[in-house]
Amino acid sequence: MRYEGSVYRPPSEARSYILQVTLGCSHNRCTFCSMYKDKKYRVRSLDEVMADIRMAKLYYGDLEKVFLADGDALAVETGDLVKIIAELKKNFYSLRHIGIYASPDSILSKEMEELKRLKEAGLTIAYLGVETGDPELLKDIKKGVTYEEMVEAGKKIREAGILLSVTVLLGLAGRTPQAVDHARKTAQILNEMNPDYVGALTLMLEPRTPLYRQMQRGEFELPGPFEILDEMRIMIENLELEGTEFRSNHASNYLPIKGRFPEDKENILALINTIINRNDASYLRPDYLRAL
């Protein structure tokens, strides 16, 4: 298969065929993110994408799962996405899942009718990077949308009938009192969206990012492992979700957790509190095993 630059996908898309329909990220200004710095954003031509699908057919024969990359594939014109999905279904008879990265901007730019059309065509799930519910922190990290716009984007995906998977980023407020607000307000924004899936990641600073340079200048300090755990505890305490799968099994996290809300909430909190109270790092993933 042919790919341009570094390719990324959510952990749950590990067994998916990755199809680049865009290159890079249409926003690409988040201060914590080092992804897609090796390429300039563009939408690939329909001819290129269709050729890749034909190559995948020759290579794989049949597929059950496809992930549409790069960083904001939903930004592609709706009619072209429908054609791409139709071509995938035509070539892969067992196809049951099509996932896509979606920025809040690209969601908000589409009419509800367009999103429902994508759902009807076969789009299964959209992955949205929420990161935080703290309005000031959203501005500081240059996410490009307000709290209200982020909520609207999440609700819009769910209303269209597309599964919504969101990520939040522990440690984003640094070692400051704002970390408590970050945790509480992130729970609040999740409660308003009530996504199907929530994935909690832990901030790891990459050299090519503005936030890394802030750390070098002494303007940002990464929280320690137990401070991250406390942040996650506060967030989970304030979560009031219904029918949501929660995961912190990404390689960046100190403590892998999985559960379903609301039924597993108290068990998850009990585990976190036990580890915090014991203050025993042996329960946590060591730094040398953590990765993005």
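The rules we used
- Residues numbered from 1 in each chain as written.
- Predicted model: local features only at pLDDT ≥ 70, side-chain atom pairs only at ≥ 80, totals over all residues.
- Heavy atoms only, no water.
- UniProt positions renumbered as here; feature names shortened; annotations may be inferred.
- Helix = DSSP H or I, 4+ residues; strand = E, 2+ residues; numbered from the N terminus.
- Buried < 20%, exposed > 50% of the residue type's maximum accessible area, 1.4 Å probe, protein only.
- Lys, Arg positive; Asp, Glu negative; His and termini not counted.
- Salt bridge = Lys/Arg side-chain N within 4 Å of Asp/Glu carboxyl O.
- Polar contact = N/O pair within 3.5 Å; in protein donor to acceptor, adjacent residues only side chain to side chain.
- Contact = heavy atoms within 4.5 Å.
- Expected span 1.5 Å × (residues − 1).
- Axes fitted to C-alpha atoms, helices over the stretch in contact; angles between N-to-C directions.
- Left-handed = near helix turned anticlockwise from the far one by under 90°.
- Nonpolar A, V, L, I, M, F, W, Y, C, P; charged D, E, K, R; others polar.
- 1 Å grid on protein atoms, 1.4 Å probe; cavity = no way out; pocket = protein on both sides within 12 Å on 5 of 7 lines; lining within 4 Å.
- Points joined across faces, edges and corners; volume = space filled by probe spheres on them.

In the annotation of an unreviewed UniProt entry, the entry for the chain reads Radical SAM protein, and the organism field reads Syntrophomonas wolfei. The UniProt entry for the chain carries the following comment under Cofactor (unreviewed entry): "[4Fe-4S] cluster".

A.B. asks: Could you clarify how one ought to interpret the side chain of lysine 65 in this entry?
C.D. replies: Take lysine 65: it is sitting in strand β4 (residues 65-69). Although lysine 65 is buried, it forms no salt bridge, and the closest oppositely charged side chain is glutamate 13 at an N-O distance of 4.5 Å. Within the local environment of lysine 65, its side chain forms a polar contact with the backbone oxygen of serine 12, the two atoms lying 2.9 Å apart.

A.B. asks: Can you help me understand unusual backbone geometry in this one?
C.D. replies: Glycine aside, residues mostly have negative phi angles, and peptide bonds mostly take the trans form. The amide bond that connects alanine 69 to the next residue, aspartate 70, takes the cis arrangement and shows omega of 5°. Structurally, aspartate 70 is set in the loop between β4 and α2 (78-91). Following phenylalanine 261, the chain continues into proline 262 via a peptide bond in cis, with omega recorded as 10°. Tracing the backbone shows proline 262 in the loop between β10 (258-261) and α10 (265-278). Despite not being glycine, asparagine 28 shows a phi value in the positive range, around 55°. Note on placement: asparagine 28 falls in the loop between β2 (22-23) and β3 (42-43). Even without being a glycine, tyrosine 36 presents a positive backbone phi close to 65°.

A.B. asks: Would you mind going over the environment of alanine 153 with me for this structure?
C.D. replies: Looking at the secondary structure, you find alanine 153 in helix α6 (residues 147-159). Counting along the chain gives 122 residues from alanine 153 to threonine 31, while the straight-line C-alpha distance between them is 21 Å. If we ignore the near neighbours within four places in the chain, the residues touching alanine 153 are Pro104, Ile107 and Leu108.

A.B. asks: Could you clarify how one ought to interpret α2 in this entry?
C.D. replies: In an α-helix, one turn spans 3.6 residues, which is why side chains three or four residues apart end up on the same side. For α2, which comprises 14 residues, the first-to-last C-alpha distance of 20 Å matches the rise-based estimate of 20 Å (1.5 Å per residue) to within 8%. Those residues of α2 that fall on the buried side of the exposure criterion are Thr78, Gly79, Leu81, Val82, Ile84, Ile85, Glu87, Leu88 and Asn91. On its buried face, α2 sits against β1 (17-20), α1 (46-60), β4, β5 (97-101) and α4 (112-121). Near the N-terminus of α2, the side chain that reaches the backbone nitrogen of glycine 79, with its oxygen 2.9 Å away, is that of glutamate 77.

A.B. asks: Can you walk me through the packing of α6 against helix α7 (residues 178-193) in this structure?
C.D. replies: In a pair of packed helices, the angle between the axes and the distance between the axes together describe the arrangement. Between α6 and α7, the least distance of the axes is 9 Å, while the angle of their chain directions is 35°. Viewed along their axes, α6 and α7 form a crossing whose handedness is right-handed. When α6 is examined against α7, the residues Tyr147, Met150, Val151, Gly154, Lys155 and Arg158 are found in contact with a partner set consisting of Lys185, Gln188, Ile189, Glu192 and Met193. Across the contact of α6 with α7, the residue classes tally to five nonpolar, two polar and four charged.

A.B. asks: Just to check I follow, could you spell out the layout of surface pockets for this structure?
C.D. replies: Gaps left between atoms are located by rolling a probe of water-molecule size over the structure's atoms. What the second largest pocket holds in volume is close to 190 Å³. If you list the elements that add at least two residues to the lining of the second largest pocket, you get α5 (135-140) and α8 (210-216). Considered class by class, the residues forming the lining of the second largest pocket number six nonpolar, five polar and four charged.

A.B. asks: Which parts of the structure should I look at to understand the UniProt feature "domain: Radical SAM core" (unreviewed entry) in the chain?
C.D. replies: Summarizing the sequence annotation, UniProt attributes the feature "domain: Radical SAM core" (unreviewed entry) to residues 9-240 in the numbering used throughout. Segment residues 9-240 splits into 43% helix and 17% strand. End C-alpha atoms: 28 Å apart.

A.B. asks: What exactly am I supposed to notice about the pattern of salt bridges here?
C.D. replies: Should the charged atoms of two oppositely charged side chains come close, the side chains can pair. For the structure shown, the criterion picks out 20 salt bridges. For the salt bridge of aspartate 70 with lysine 39, the shortest nitrogen-to-oxygen distance reads 2.8 Å. In this pair, aspartate 70 sits in the loop between β4 and α2 while lysine 39 sits in the loop between β2 and β3, placing the two residues 31 residues apart along the sequence. There is no split in this pair, since aspartate 70 and lysine 39 are both buried. Among the ionic pairs, glutamate 64 bridges to arginine 96, the shortest N-O distance being 2.9 Å. Remark: arginine 96 occurs in the loop between α2 and β5 and glutamate 64 occurs in the loop between α1 and β4; sequence separation between them is 32 residues. The exposure class assigned to glutamate 64 is partly exposed, which follows from its relative accessible area of 43%. Judged by relative accessible area, arginine 96 falls into the exposed class, the value being 54%.

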